[in-house]
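Observations on the three-dimensional arrangement
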Amino acid sequence: MSDIRAILTDIEGTTSSIDFVKDVLFPYARKHLPAFVETHADEPEVQHWLHEAAKEAGIVEATRTEVIDLLIRWIDEDRKSTALKALQGMIWREGYEAGAYVSHMYPEVAARLKAWHARGLSLYVYSSGSVPAQKLLFGFSESGDLTPLFSGYFDTQTGHKRETQSYARIAEAIGLPPAQILFLSDIREELDAARAAGMRTTQLIRPPQPVIENGHPAVADFDAIAP
């Protein structure tokens, strides 16, 4: 893959454990969401995303309690809502800054990201979590602040991760032909969409995930990736 000039990586199941998001971040946001909304509801950015959540749900003139109940239900459903992800990111920032947790990072990831960066490869993130949440996760990681390694971040405002057009937009934003971008993910459907857009792909198979042949090169960790 000597022609690869940029690496685009997923987060959950790829750089970081799904369990950290599921068992730490989601419960924290669920617990603190009602108080956060009550405390910050007058802030323009919070107002915007509360309005967008109600709009997405088709609720006209929703009460604050109705929106809170809606968002908690979406957390329980792991709904890929841009409004929910934005609000979760604001809540998670408070948790990170308070020292409530640091983000999990698979042990080889930081060193490999630094090595790729030192080689001149451009690094990008594409996750269903909001861009601010992505920056927090890499900024407050077990491996320290990794944000200086990345050239850009993409979330569902670019498009959903299983849609080919999302990857075409990302390639255009990066400014490289898709064939010069390597996309890393643990989800086959995401890899299928990226490949359909012309990107190169590698699937991360983190134990105990079984290896299933699906047309994408599969590796167990970042050390096995040779862009």
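Residues numbered from 1 in each chain as written. Predicted model: local features only at pLDDT ≥ 70, side-chain atom pairs only at ≥ 80, totals over all residues. Heavy atoms only, no water.

Overview of the packing of aromatic side chains
Rule in force here: Ring pairs shown here join Phe, Tyr and Trp side chains whose ring centres sit within 6.5 Å, with only the six-membered ring taken for Trp; geometry is labelled stacked below 30 degrees between planes, edge-to-face above 60, and tilted in between. Charge-over-ring placement is defined geometrically: NZ (Lys) or CZ (Arg) within 6 Å of the ring centre, and within 35 degrees of the ring normal.
Per the counting criterion, the structure on display carries 11 aromatic pairs. Among the aromatic residues, ring-to-ring pairing joins F20, Y28, Y96, Y101 and F140 into one connected group. Between the NZ or CZ atom of K161 and the centre of the ring of Y126, over which it lies, the distance is 5.4 Å. Taking NZ or CZ as reference, R206 lies 3.8 Å from the ring centre of Y106, over its face.

Some thoughts on the side chain of T156
Going by this rule: A run of H or I in DSSP counts as a helix once it spans at least four residues, and a run of E counts as a strand once it spans at least two, with each numbered from the N terminus. Working definition: with a 1.4 Å probe on protein chains only, accessible area under 20% of the residue-type maximum means buried, over 50% means exposed, and in between means partly exposed. By definition, residues are in contact when any of their heavy atoms lie within 4.5 Å.
Inspection of the secondary structure puts T156 in the loop between β3 (150-154) and α7 (164-174). Using a relative accessible area of 10% as the deciding quantity, one classes T156 as buried. Those residues in contact with T156 that sit more than four places away from it in its chain are T82, S127 and S128.

Thoughts on the sheet that holds strand β5 (residues 200-204)
Which entries qualify depends on this criterion: In this scheme, strands are said to pair when DSSP sees at least two bridges between them.
Spatial strand order, β3-β2-β1-β4-β5-β6: 6 strands in an open sheet with parallel pairing. Looking along the sheet, the strands with just one partner apiece sit at the ends: β3 and β6 (218-219). With 4 bridges connecting them, strand β1 (residues 6-9) and strand β2 (residues 122-126) associate as parallel partners. Among the inter-strand pairings, I7 is bridged to a residue of β2, identified as L123.

Considerations on helix α4 (residues 82-97)
Put simply, the rule is: One less than the number of residues in a helix, times 1.5 Å, gives the span that helix is expected to have.
Compared with an ideal rise of 1.5 Å per residue, which puts 16 residues at 22 Å, α4 spans 23 Å between its outermost C-alpha atoms and is within 8% of the ideal. Among the residues of α4, A83, L84, K85, A86, L87, Q88, G89, M90, I91, W92, G95 and Y96 are the ones counted as buried. In this fold, the buried residues of α4 make contact with α1 (18-40), α2 (44-57), α3 (64-77) and α6 (131-139). Directly beyond the C-terminal end of α4, a positive phi value near 80° is found at G99.

A look at the nonpolar core
Basically, it comes down to this: For our purposes a nonpolar core is just a set of buried Ala, Val, Leu, Ile, Met, Phe, Trp, Tyr and Cys residues, chained together by side-chain atoms within 4.5 Å.
Residues L71, W92, L113, W116 and F150 are the most contacted members of the largest nonpolar core, which totals 58 residues. Ranked by size, the runner-up nonpolar core spans 17 residues in total, among them Y124, Y126, F183 and M199.

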